[in-house]
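Chain and residue survey
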Amino acid sequence: MMTMSHSATIGVEAHAAPKAKARNLAIDRARTFLTLVVLLHHAVIPYTYFGHTDPKYFFGFDMIVLATDSFFMAMFFFLSGLFAWSGIARKGALNYLQDRLLRLALPFVICAFTVIPLAYYAISLRHHPEIGFSEYYWNMITKGPWPSGPIWFLWVLFAFDLVACLLHRLSPNLLDPINRLSLHGRRRPAVFFAVMLAVTAAFYIPGRVHFGSSSWFEFGPFSVQHGRVMLYATYFFFGAGIGVAQMDRGLLAADGRMAKVSWDWMVLTIVPYCLLWVLIFIKREILGNPSPLPDWYEALYAICFTVFSVAIMFLILAFFQRFRQSGSAKLLDPMQSDAYGMFLVHYPIALWLQYWLFDYDLPAIVKATIGFVLTVAFSWALTRALRQIPGATKVL
């Protein structure tokens, strides 16, 4: 009886006229926080074992990059998915896709022809100082490679939105089971966590074992990691399922239990993170960094990766729900409307700052701190300036 009642309510809510709702500050702050995590990730990666494009090195940055790379883009897809299904129901598929073309496809095209060449020229100049920008630009556009940097997220998200529109047309009730699970998760978030973890693992692990961690699909500026496509899709559609209806009464409810068990999420985050480092030690010191890695290793790594990725997302969401009235959380509010623009424009700023810092004999911590602070400041200021252009706020 209870399930039928929820299903009926979901069906009515999903097809109802749009309602004016107060913004969910916890979700807004989580999204802004993730944007800063992206900027931090790109600020420290030159000083890590993985990136190491600068002679200076600090192991603590390896710890940061391992953590951030394991969850932040997946969580962006989850947060984006929260508003997808309900947005399609309110606006209709065509109007929804028109909005996404403006918000995702247009910035992708603009950034692919401007932001990305400007960013990667800083790397090219370090290795080929004799090549001018116009020559470099023409070679990138016509001959390739034409890397996408962080903007790959935009076209993949648009593809997921397109799939969501097609699925919604087939069956508007397709994601109702996830929504009912979310409503149940208000009282028992561990059940939602377990289901999401199981589904994510089922879709991610085979791809990781088959493709490994370094295989990318690349076509011009369109690129995405082969082994993570289904991981991102899973996050997106779990988010979409939560957002079908009554999002404020489900897993992410302000008074839900999820925020009250934040220490549990902390343990579930730390344990697999430590196991990832054990596996990295085995790969480097025992296996000798073979390529490709054995299937058993990729499977074990994928399991720990999945647990960590889902758990840290729950931890972050629980934190912002639990401390939504906290003064420290409110510090993110002034940046909220500019966060998306900062994501779009920060990459050349970060790479040119690293190019400038390369020749200075400073500790890695100092270089990364300078790079991060200035990247935040410059990208925020540039976004504020761009948003003054008439019509720009519809895109940025």
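A brief look at the structure comes next. These numbers come from a predicted model, not from an experiment. (Residues numbered from 1 in each chain as written. Predicted model: local features only at pLDDT ≥ 70, side-chain atom pairs only at ≥ 80, totals over all residues. Heavy atoms only, no water.)

Applying the stated rule across the entire model yields 37 aromatic pairs. Measuring from ring centre to ring centre gives 6.1 Å for Y121 and W352, while their planes differ by 55°; the resulting arrangement is tilted. Placement of Y121 in helix α7 (residues 115-127) and of W352 in helix α16 (residues 339-357) is noted, with a sequence separation of 231 residues between them. On the basis of relative accessibility, which here comes to 30%, the residue W352 falls in the partly exposed class. Taken together, a centroid distance of 5.7 Å and an interplanar angle of 80° make the contact between F192 and F238 edge-to-face. (Phe/Tyr/Trp six-rings, centres within 6.5 Å; stacked < 30°, edge-to-face > 60°. Helix = DSSP H or I, 4+ residues; strand = E, 2+ residues; numbered from the N terminus. Buried < 20%, exposed > 50% of the residue type's maximum accessible area, 1.4 Å probe, protein only.)

The step from G144 to P145 runs through a cis peptide bond, and the omega angle for that step is -5°. You can see P145 is positioned in the loop between α8 (133-142) and α9 (152-170). Residue P292 is bonded to the preceding S291 through a cis peptide linkage, with omega at 5°. Along the chain, P292 falls in the loop between α13 (262-286) and α14 (295-322). You will see that H52, though not glycine, has its phi angle at about 45°, which is positive. Unusually for a residue other than glycine, Q246 sits at a positive phi of about 55°. For Q246, a relative accessible area of 11% corresponds to the buried category.

Our next topic: helix α17 (residues 364-386). At 3.6 residues per turn, the α-helix brings residues three or four places apart onto the same side. In this model α17 runs 32 Å from its N-terminal to its C-terminal C-alpha over 23 residues, within 8% of the 33 Å that 1.5 Å per residue would give. Burial in α17 covers these residues: A364, K367, A368, G371, T375, V376, S379 and T383. (Expected span 1.5 Å × (residues − 1).)

Inspection of the entire model under this criterion finds 12 salt bridges. With its nearest N and O atoms 2.5 Å apart, the salt bridge here joins R384 to D338. With R384 in helix α17 and D338 in the loop between α15 (327-330) and α16, this residue pair connects regions lying 46 residues apart in the sequence. R387 is the partner of D338 in a salt bridge, and the nearest nitrogen-oxygen pair spans 3.2 Å. Residue D338 is found in the loop between α15 and α16, and its partner R387 is found in the segment after α17; the two are separated by 49 residues along the sequence. Via salt bridges that share partners, D338, R384 and R387 belong to a single interconnected network. (Salt bridge = Lys/Arg side-chain N within 4 Å of Asp/Glu carboxyl O.)

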